[in-house]
Amino acid sequence: MSLEVVDVSNIPEVQELISSSDRDSFVTVAGYTFASTFTEYLQRILDFEVYDDDIWICSFPKSGTTWTQEIVWCLENNFDYDKSKEVDLDERMIFLEFKSILPSATQKMVPDTIEKAKLAPRPRIIKSHLPMELLPTQLKIKTPRIIHVSRNSRDVVVSLYHHFKLLERLDLSFKRLAMLLAKGYSIYYAPLDAHLKSFYNSSYPRDKILFLKYEDMKRNQDLEIKRIAKFLNRDPSQREMNQLSQHVSFSNMKSTPSLNKESRINISKKLSISNPQGDGLFIRKGIVGGWRAYFDDELSKIFDDLDHRIENATGLKYDM
């Protein structure tokens with residue numbers, strides 16, 4: 001499959017990303033922004049072998065992915081909460097392109113996640129933040145189940161800001177980061193509106209893809225867990241449902257090291273590439289509407305435009 005790769009390092013917005021991060025050049029791949037080192041892994045991702053019994057969990061970053069992953073893993077692994085607490089989520093479920101998006105210094109400390117995903121025991125549960133266009137090409141002929149979760153753009157950018165402070169070196173104010181994201185630029189995966197469109201407007205069989213929204217999960221977690229279970233052909237008892245609901249509650253997940261990316265945070269601290277603020281946890285607040293404490297009128301108007309583009313492209317509306 002041939003995808004257009006364009007060097008965008010000289011674009012002013014990208015120059016700002018370069019001067020504020022530890023990436024020295026950027027490209028767009030099929031229109032999506034990545035550090036240039038991503039292209040070293042691209043063909044392997046496109047050629048990755050897919051099986052019909054895979055489960056793929058897909059999203060734009062900071063949209064409720066970890067929450068969704070843990071629900072799915074528990075449903076598929078007989079509610080093994082002991083193992084869940086003992087083994088990091090990133091070991092129980094491989095983040096396919098993880099190594100490819102890291103800065104060079106960090107890449108050296110991380111195993112080959114594409115190979116790990118390839119060798120994972122079946123049925124595999126695989127996480128990816130890639131848009132549909134950049135997922136393995138076999139998804140055009142094979143139809144594993146895909147669970148896609150999304151979140152309103154404003155809470156996404158707030159969470160992304162804290163994510164970068166915790167795990168990356170990105171010396172931008174919140175407002176500058178938000179304005180760049182609204183224009184379609186970030187250190188990986190942007191534009192957000194195109195990313196969402198790639199799933200919602202895809203030709204992927206609708207009985208093989210489940211669309212979730214973070215806001216719906218917050219409003220009625222049990223109902224959304226039931227939707228996920230039905231999609232996975234699972235029929236948990238009420239007791240199992242109650243236990244799972246408690247296990248994936250925000251307070252429990254925040255206090256569970258295996259879900260809070262502690263190993264990756266420690267790598268970032270060791271390399272002095274992060275600038276953690278607050279409590280320094282990956283799972284931070286988990287609320288809807290937290291963006292109101294960060295947005296001024298100018299930024300709200302800019303994100304109104306972004307939200308209109310998202311709605312026009314996908315029909316998506318969010319409670320904010």
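Conventions used here
- Residues numbered from 1 in each chain as written.
- Predicted model: local features only at pLDDT ≥ 70, side-chain atom pairs only at ≥ 80, totals over all residues.
- Heavy atoms only, no water.
- Helix = DSSP H or I, 4+ residues; strand = E, 2+ residues; numbered from the N terminus.
- Buried < 20%, exposed > 50% of the residue type's maximum accessible area, 1.4 Å probe, protein only.
- Contact = heavy atoms within 4.5 Å.
- Areas by Shrake-Rupley, 256 points an atom, 1.4 Å probe, with all protein chains shown as cover.
- Lys, Arg positive; Asp, Glu negative; His and termini not counted.
- Charge placed at Lys NZ, Arg CZ, Asp CG, Glu CD.
- Disulfide = S-S within 2.5 Å.
- Pairing = 2+ DSSP bridges.
- Axes fitted to C-alpha atoms, helices over the stretch in contact; angles between N-to-C directions.
- Core = buried A, V, L, I, M, F, W, Y, C linked by side-chain atoms within 4.5 Å.
- Salt bridge = Lys/Arg side-chain N within 4 Å of Asp/Glu carboxyl O.

Draft legend 1. Quick look at the overall build of the protein chain. Each helix and strand in the protein chain was counted, giving 16 helices and eight strands. Along the longest, intermediate and shortest principal axes, the C-alpha atoms of the protein chain span 55 × 45 × 45 Å. Counting only residues that meet the buried cut, the protein chain has 58% of its 320 residues in that class. Sequence separation of at least 24 residues holds for 76% of the intrachain contacts in the protein chain that already meet a minimum separation of 6. In the structure as shown, the protein chain presents an accessible area of about 13,800 Å², 48% of it carried by carbon and sulfur atoms. For the protein chain, the separation between the mean place of its 45 positive charges and that of its 45 negative charges on side chains is 2 Å.

Draft legend 2. Structural detail: the side chain of His148. On the secondary structure map, His148 appears in strand β7 (residues 145-150). Apart from residues lying up to four places away in sequence, His148 is in contact with Cys58, Ser59, Leu196, Phe199, Tyr200, Leu210, Phe211 and Leu212.

Draft legend 3. View of the state of the cysteines. The final tally for this structure, using the stated rule, is zero disulfides. In this structure Cys58 is not part of a disulfide, and its nearest cysteine sulfur, from Cys74, lies 19 Å away. A relative accessible area of 0% places Cys58 in the buried class.

Draft legend 4. Inspection of the sheet that holds strand β3 (residues 32-35) at higher detail. Read from one edge to the other, the open sheet built from three strands follows the order β1-β2-β3, with strand pairing classed as antiparallel. Pairing within the sheet leaves two strands with one partner each, and these edge strands are β1 (5-7) and β3. Pairs of neighbouring strands in the sheet enclose a mean axial angle of 30 degrees, with direction left out of account. Alignment of strand β2 (residues 26-29) against β3, held across four bridges, turns out to be antiparallel. What sits directly across from Phe26, in β3, is Ala35.

Draft legend 5. Expanded view of the pairing of strand β4 (residues 55-58). The alternating pattern of β4 places Ile55 and Ile57 and Trp56 and Cys58 on opposite faces, both of which are buried. Here four bridges tie β4 to strand β6 (residues 125-128), and the two strands are oriented parallel to one another. Looking at the pairing, Ile57 lines up with Lys127 of β6.

Draft legend 6. The arrangement of the nonpolar core in detail. Within the largest apolar cluster, 72 residues are counted, with the highest numbers of intra-cluster contacts made by Phe34, Phe38 and Trp56. When residues in this core are grouped by element, the largest group, seven residues, is from helix α9 (residues 174-183). Sequence-distant contacts of Trp56, defined by excluding residues within four places in its chain, comprise Phe48, Val50, Leu96, Ile126, Ser128, Leu135, Pro136, Pro144, Arg145, Ile146 and Ile147. Core analysis: the second largest hydrophobic core is formed by 29 residues, Tyr81, Val149, Tyr214 and Ile225 among them.

Draft legend 7. Region of the structure containing the pattern of salt bridges. Counted by the stated rule, this structure contains 19 salt bridges. Taken together, the salt bridges that share partners define one network made up of Asp22, Arg23 and Glu168.

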